[in-house]
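Structure at a glance
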Amino acid sequence: MKWLTLGKKLVITSALMTLLLPASTGSAAAVLTEVPYAMDSSNQAGWWTPLDTYVTGNEYAYMAYNAPGSTAGTHKINIARRDNSGSWTNIPVMNGGVAAEYSDDIGHNQPSMARDGSGRFHVFGSMHTDTWRYFRSDTVGGSPQYHSPDMPDSTLKVTYPVLTTAPNGDLYLMVRGSDDANTRRNGVLYRWNNSASTWGKVAVIASAANKSVYPDDLVFDSNGDLHILFEWSNFPSSGLRHELSYLKYSPSTGIFSKANGAAVTLPVTNATVDIIQPLTGSEIYVADSGLPDGPGVQSAKLAVDSSNSPKVAYRYRESGSSIFSVKYGYVSSGAWNVQTVYNTSQTKAAIDITWTGTDKRVYYVTDTGTDRAFMAVNTSGSTWTSTSIAPGKPIERLAVERNANGIDILYLVDIKNLKLYYGRN
């Protein structure tokens, strides 16, 4: 097996998961375990990366989440750690001598985390155009402590942190950053140098006048290259985004490129970036008004296949439609192609994708129904078949990571009953 310590959505070349079940049986339901700690109602987002795994013969899962705060409308940040025996440990994120606690802000103030190559946890949470709220373990597996002064760009206003672990144990972080001095909110990439234990700024990778960048995902491949996914909106923000975009970064050369290998100059704009989902029909950039009508993108996640080619799952509302359908984007002959995975009913801003060998899985959540969390598999050509993975549970948000044993680890959020589930699929 290769690349056992890679971040999310690994490329596995052996010990493939062999279970591939048809939708008609309903038998692809994941094995779920309720996380034995109280969850706050604010623990819900579409962009976050709240789940990490680690395999060293034994399996570990780390689930960052918002726990109830000391008063209504607040939350504390915790990590639920599951070990190989199925035992749980609750690890508080600390701000000085007290638990880190912030105001609720659904869709913004949720935690993202990763484990570096030395075993330290890194957590970014509760930032909506705020300066850094960053926490790091001082000891292996210890409670993350407040380390915001260690970050570059101390005055930057930050939102939507997503991060992942590189094969060498470094971390890479992408955020939306603004300094209130211009009419743009940029996509900014940072690197944690694990051997030096320092953060540095890689670059402002995406920036356009009167536009805001929405980070979606970061994934490393077996070559050590970083795949980057993000969306654009009108400045300053919008619930409806557009022109889902992709970049690849090679840390060994410092080159950023499109999926076809063409190098790009930074920062890219929406006119120079590699666009997966172009504007269609009546689609235009619209101002912030909650979730405006019309076509556009909302939520996207990324994986790489065994050839290190990017695969993307995302939600897109077509021109003239009232629902966000689930789409699958892939590269063929140097160009992006798109298939429809699901478009029968309304979906939530919760989506993910994993890949091993020929086994590609898209996870999504429907807005209503007794069963709401589903896994879709590509059964042939452009045909996708969906199966419930959490029967009877009103799941509203999710995250998924394929661990180094070829098992999809699920992070499933039940807001109605204030429950967080760990799953294996």
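Note that residues are indexed from 1 along each chain, following the sequence as it is written. Residue-level local features of this predicted model are given only where pLDDT is at least 70; pairs of side-chain atoms are given and counted only at 80 or more, and the full residue set underlies all totals for whole chains, interfaces and linings. Hydrogens and water molecules were not included; the side-chain quantities draw on all heavy atoms of the structure.

Okay, the overall build of the protein next. Per the convention used, a helix needs a DSSP run of H or I reaching at least four residues, while a strand needs a run of E reaching at least two, with both numbered from the N terminus. Along the protein, the regular secondary structure elements total zero helices and 33 strands. For the protein, the C-alpha radius of gyration of 20 Å lies close to 22 Å, the compact-globule estimate for 425 residues. Principal-axis analysis of the C-alpha atoms gives the protein an extent of 55 × 55 × 45 Å. When accessible area is computed with a 1.4 Å probe and restricted to protein chains, residues below 20% of their type maximum are described as buried, those above 50% as exposed, and intermediate ones as partly exposed. Buried positions account for 59% of the 425 residues belonging to the protein. Here a residue-residue contact requires only that any non-hydrogen atoms of the pair lie within 4.5 Å. Considering only residue pairs separated by 6 or more positions, the protein has 55% of its internal contacts joining residues 24 or more positions apart. With residues, only the protein chains shown are counted as cover, and all accessible areas are computed by Shrake-Rupley using a 1.4 Å probe. Roughly 14700 Å² of accessible area belongs to the protein as shown, and the carbon and sulfur atoms make up 47% of that amount. Put simply, the radius of gyration uses C-alpha atoms, and a globule should come to 2.2 Å times the residue count raised to 0.38.

Bringing the sheet that holds strand β33 (residues 419-424) into the picture now. Should DSSP find at least two bridges between two strands, the strands are regarded as paired. Spatially, four strands are ordered β1-β33-β32-β31 in an open sheet, and the strand pairing comes out antiparallel. Edge strands, defined here as strands with exactly one partner in the open sheet, are β1 (31-34) and β31 (397-402). The average angle at which neighbouring strand axes cross in this sheet is 20°, direction not considered. As paired strands, strand β32 (residues 408-414) and β33 are joined by six bridges and run antiparallel to one another. Fitted lines through C-alpha atoms serve as axes, helices being fitted only where they are in contact, and the angles separating the N-to-C directions of these axes extend from 0 to 180 degrees.

Burial along strand β12 (residues 134-137) is two-sided: Tyr134 and Arg136 and Phe135 and Ser137, pointing in opposite directions, are all buried. Here strand β10 (residues 121-124) pairs with β12 via three bridges, running antiparallel. Bridge pairing in β12 links valine 123 to phenylalanine 135. Looking at chain direction, β12 and strand β13 (residues 144-146) are connected through three bridges and run antiparallel. Across the sheet, the residue bridging to serine 137 is proline 144, located in β13.

Here we come to the nonpolar core. Within the largest apolar cluster, 45 residues are counted, with the highest numbers of intra-cluster contacts made by Met63, Met174, Leu189, Ile228, Phe230 and Tyr411. Ignoring sequence-local partners within four residues, the contact set of isoleucine 228 consists of Met174, Leu189, Ile205, Asp217, Leu218, Ser245, Tyr246, Leu247, Tyr249, Phe256 and Leu302. We call a set of buried residues a nonpolar core when its members are Ala, Val, Leu, Ile, Met, Phe, Trp, Tyr or Cys and they connect through side-chain atoms within 4.5 Å of each other. Formed by 16 residues, the second largest nonpolar core is a distinct cluster that contains Met127, Tyr134, Leu163 and Leu171.

What follows concerns the side chain of aspartate 216. For aspartate 216, the location among the structural elements is in strand β18 (residues 211-220). Under the convention used here, Asp and Glu are negative, Lys and Arg are positive, and both His and the chain ends fall outside the count. Any carboxyl oxygen of Asp or Glu that lies within 4 Å of a side-chain nitrogen of Lys or Arg is treated as forming a salt bridge with it. For aspartate 216, which is buried and forms no salt bridge, the nearest opposite charge comes from arginine 241, at a distance of 5.9 Å. Ignoring sequence-local partners within four residues, the contact set of aspartate 216 consists of Trp47, Val162, Leu229, Phe230, Glu231, Leu244, Ser299, Ala300 and Lys301.

Consecutive residues of a regular strand have side chains that alternate between opposite faces of the sheet. Where strand β4 (residues 74-82) and strand β5 (residues 88-92) come together, five bridges link them in antiparallel fashion. Its bridge partner being in β5, alanine 80 is matched across the sheet by asparagine 90. Counting the residues between successive antiparallel strands, the hairpin from β4 to β5 contains five residues, one of them, glycine 86, with a positive phi of roughly 90°.

Relative to the elements of secondary structure, threonine 53 occurs in strand β2 (residues 51-55). Through-space distance from the C-alpha of threonine 53 to that of alanine 373 is 21 Å; in sequence the pair is 320 residues apart. Each residue touching threonine 53, except ones within four places of it in the same chain, is listed here: Tyr60, Ala61, Tyr62, Glu401, Asn403 and Ile409. Contacts described as polar in this section are N or O atom pairs within 3.5 Å, which, within protein, must combine one atom able to donate a hydrogen with one able to accept it, while residues neighboring in sequence count only if both atoms come from side chains. Polar contacts involving the side chain of threonine 53 include one to the side chain of glutamate 401, which spans 2.6 Å.

Take the confidence of the model for the protein next. Here the protein averages 92 in pLDDT, and 93% of its residues register 70 or above. One confidence number per residue, pLDDT, is output by the predictor and ranges from 0 to 100. Across residues 1-27, where pLDDT falls below 50, the model places 78 contacts with residues more than four positions away in sequence or in other chains.

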